[in-house]
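# Structural overview for review
Below, each chain spelled out in residue letters.
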Amino acid sequence: MKDRAQLLSDFLTQSGWASAARTVVAGDASNRRYDRLTNASGHTAILMDAPPEKGEDVGPFIRVAQYLRKQGLSAPEIHHADQTNGFLVIEDLGDALFARMMQDDPALQSRLYSAATDVLVALHQAPPLDLPRCDADWLTDMTDLFFDWYLPSETPLKHADFAAVFRPLAQSVDLDSPVVILRDYHAENLLWLPDRTGVSRVGLLDFQDALLGHPAYDLVSVLQDARRDVPKKIEADMITRYVDTTDWNADAFTRAYAILGTQRNLRILGIFARLCLRDGKAHYVDLIPRVWAHLMRNLSHPALGDITVLIKPHIPEPTDAFLKSLKARCPTALAHS
């Protein structure tokens with residue numbers, strides 16, 4: 001049986017990139033790895049290495065990418081694929097990440113977030129792809145990570161208690177006509193492509209976990225970013241921009257935004273705690289205070305009153321002492337690898 005290095009070598013040979021130089025572009029919270037391939041002519045592409053034996057599957061990426069491109073959106077073109085072994089050569093959309101551009105020039109924030117919001121408007125007006133549902137059951141069940149990993153084990157609050165109160169809220173945002181949601185829609189997965197026009201100027205990455213759900217979900221994802229601060233005025237302006245260009249009632253949309261923001265940030269707190277405690281990725285702990293602050297703002301919405309009363313007394317504030325205690329329990333060998 002061939003090892004993975006040999007499988008990759010064979011794939012690159014078959015796809016015509018065997019002699020290309022390879023430089024690491026990124027890894028992420030998953031087991032995927034991305035390298036930039038540069039051939040002798042200076043042409044580039046991106047190699048995705050997604051090991052099936054580690055639970056990765058490139059099939060959804062291919063399917064969603066093809067769908068997005070059909071809608072006129074800038075997902076990478078798939079040049080070569082070995083779906084069985086988890087290898088893709090895809091279009092190189094460059095390095096102009098929204099996060100990097102806004103860090104270098106904060107004045108770009110309004111323009112770039114406007115472009116990101118317009119992409120969501122276009123996506124949500126397109127015929128939806130047949131995907132699993134981000135329905136009330138999914139929304140409720142996915143918060144179990146918060147209870148399993150972030151809450152101290154001695155906390156009396158249990159997921160079943162939360163689910164009984166939250167599920168009716170989740171049902172209220174479970175639409176009869178859901179839209180495609182990309183789920184990891186944020187500034188480190190968006191690229192600026194100035195040579196293109198309209199919504200195609202935004203390059204899209206990391207969309208393989210797409211579902212059908214409420215249109216506020218991805219707006220929460222991009223505006224309540226776990227990795228960077230989004231000015232509150234820009235957040236408010238983008239919600240208004242979305243509502244004004246769709247037929248949504250502003251109060252109904254902001255209510256859904258707060259409900260989905262509560263669910264999403266609870267889940268992220270659990271994920272980040274798990275990435276440290278189980279996987280040894282201690283640096284995710286440093287992002288927890290921002291996520292906690294997002295959660296607190298969402299809980300302040302009147303629609304979340306019963307949830308706030310139930311859970312807020314039990315949610316540990318991410319003080320320096322609490323964050324230090326999380327890191328202290330992070331597997332040492334992994335944390336320093």
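Just so it is clear, the structure is predicted and the values come from calculations on it, not from any experiment.

### Notes on the overall build of the protein chain
A tally of regular secondary structure across the protein chain gives 14 helices and nine strands. A globule of 337 residues ought to have a C-alpha radius of gyration of about 20 Å, and the protein chain, at 21 Å, matches this closely. Once the C-alpha set of the protein chain is aligned to its principal axes, its extents read approximately 60 × 50 × 40 Å. When burial is assessed residue by residue, the protein chain has 51% of its 337 residues classed as buried.

### Regarding the packing of helix α8 (residues 216-223) against helix α10 (residues 250-277)
The geometry of α8 relative to α10 is characterised by a closest axis approach of 9 Å and an angle of 65° between their N-to-C directions. Where α8 crosses over α10, the two elements pack in a sense that is right-handed. Contacts between α8 and α10 pair A216, Y217, L219, V220, S221 and L223 from the former with F253, A256, Y257, L260, G261, Q263 and R264 from the latter. Its residues assigned to classes, the contact of α8 with α10 comprises nine nonpolar, three polar and one charged.

### A short note on unusual backbone geometry
The phi angle at R183 is positive, at roughly 80°, despite the residue not being glycine. Tracing the backbone through its elements, the reader meets R183 in the loop between β6 (179-181) and β7 (190-192). Phi is positive for D206, close to 60°, though the residue is something other than glycine. Looking at the element boundaries, D206 is found in the loop between β8 (202-204) and β9 (211-213). Residue D206 is classed as buried on the basis of its relative accessible area, which comes to 14%.

### Focus: the nonpolar core
The biggest cluster of nonpolar side chains holds 103 residues, and the ones touching the most others in it are L68 and L204. It is α10 that contributes the most residues to this core, 14 residues altogether. Those residues in contact with L204 that sit more than four places away from it in its chain are L68, L73, S74, A75, P76, L93, V119, L182, Y185, N189 and L190.

### Digging into the layout of surface pockets
Here the second largest pocket is characterised by a volume of approximately 220 Å³. Taken together, 17 residues make up the lining of the second largest pocket; nearest its centre are D148, Y150, L151, P152 and S153. Listed by contribution, the elements that provide at least two residues to the lining of the second largest pocket are α6 (144-150) and α13 (320-328). Element by element, the count of residues in the lining of the second largest pocket is highest for α6, at four residues. A class-by-class count of the residues in the lining of the second largest pocket yields nine nonpolar, four polar and four charged.

### Let's talk about α10
Taking 1.5 Å as the rise per residue, α10 with 28 residues should run 40 Å; its terminal C-alpha atoms sit 40 Å apart, in good agreement. Here α10 lies mainly inside the structure; 21 of its 28 residues are buried. A distance of 3.0 Å separates the backbone nitrogen of D251 from a side-chain oxygen at the start of α10, and that oxygen is part of N249.

### Notes on the pattern of salt bridges
For the structure shown, the criterion picks out 20 salt bridges. The partner of R4 in a salt bridge is D49, and the shortest N-O contact between them spans 2.8 Å. Taken together, the residues R4 in helix α1 (residues 4-15) and D49 in strand β3 (residues 44-49) connect sequence positions 45 residues apart. Between R133 and D174 there is a salt bridge whose closest N-O contact spans 2.9 Å. With R133 in the loop between α4 (109-125) and α5 (136-141) and D174 in the loop between α7 (159-172) and β6, the pair connects residues that are 41 residues apart, well separated along the chain.

### Remarks on the packing of aromatic side chains
Evaluated as defined, the whole model comprises 11 aromatic pairs. For the pair F147 and F162, a centre-to-centre distance of 5.4 Å together with 50° between the ring planes defines the contact as tilted. Placement of the pair is F147 in helix α6 and F162 in helix α7, with a sequence separation of 15 residues. You can call F147 buried: its relative accessible area is 11%. A relative accessible area of 0% places F162 in the buried class. Taken together through their ring pairs, the aromatic side chains of F146, F147, Y150, F162, F166 and F322 make up a single cluster.

### Some points on the packing of α10 against helix α11 (residues 288-299)
Taken N-terminus to C-terminus, the directions of α10 and α11 make an angle of 155°; their axes are 8 Å apart at the nearest point. Between α10 and α11, the interaxial angle falls into the category roughly antiparallel. As for the relative orientation of α10 and α11, their crossing is left-handed in sense. Each of Y257, A258, G261, T262, N265, L266, I268, L269 and F272 in α10 lies in contact with α11, whose residues at this interface are I288, V291, W292, H294, L295, N298 and L299. Residue composition of the contact of α10 with α11, grouped by class: 11 nonpolar, five polar and no charged.

### Examining the environment of D218
If you trace the backbone, D218 turns up in helix α8. Assessed through its relative accessible area of 0%, D218 is described here as buried. Counting along the chain gives 103 residues from D218 to A321, while the straight-line C-alpha distance between them is 32 Å. One polar contact links the side chain of D218 to the main-chain amide nitrogen of L182, over a distance of 2.6 Å.

Rules behind the numbers
- Residues numbered from 1 in each chain as written.
- Predicted model: local features only at pLDDT ≥ 70, side-chain atom pairs only at ≥ 80, totals over all residues.
- Heavy atoms only, no water.
- Helix = DSSP H or I, 4+ residues; strand = E, 2+ residues; numbered from the N terminus.
- Rg over C-alpha atoms; globule rule 2.2 N^0.38 Å.
- Buried < 20%, exposed > 50% of the residue type's maximum accessible area, 1.4 Å probe, protein only.
- Axes fitted to C-alpha atoms, helices over the stretch in contact; angles between N-to-C directions.
- Left-handed = near helix turned anticlockwise from the far one by under 90°.
- Contact = heavy atoms within 4.5 Å.
- Nonpolar A, V, L, I, M, F, W, Y, C, P; charged D, E, K, R; others polar.
- Core = buried A, V, L, I, M, F, W, Y, C linked by side-chain atoms within 4.5 Å.
- 1 Å grid on protein atoms, 1.4 Å probe; cavity = no way out; pocket = protein on both sides within 12 Å on 5 of 7 lines; lining within 4 Å.
- Points joined across faces, edges and corners; volume = space filled by probe spheres on them.
- Expected span 1.5 Å × (residues − 1).
- Polar contact = N/O pair within 3.5 Å; in protein donor to acceptor, adjacent residues only side chain to side chain.
- Salt bridge = Lys/Arg side-chain N within 4 Å of Asp/Glu carboxyl O.
- Phe/Tyr/Trp six-rings, centres within 6.5 Å; stacked < 30°, edge-to-face > 60°.
- Parallel < 35°, antiparallel > 145°, perpendicular 65-115°, else oblique.

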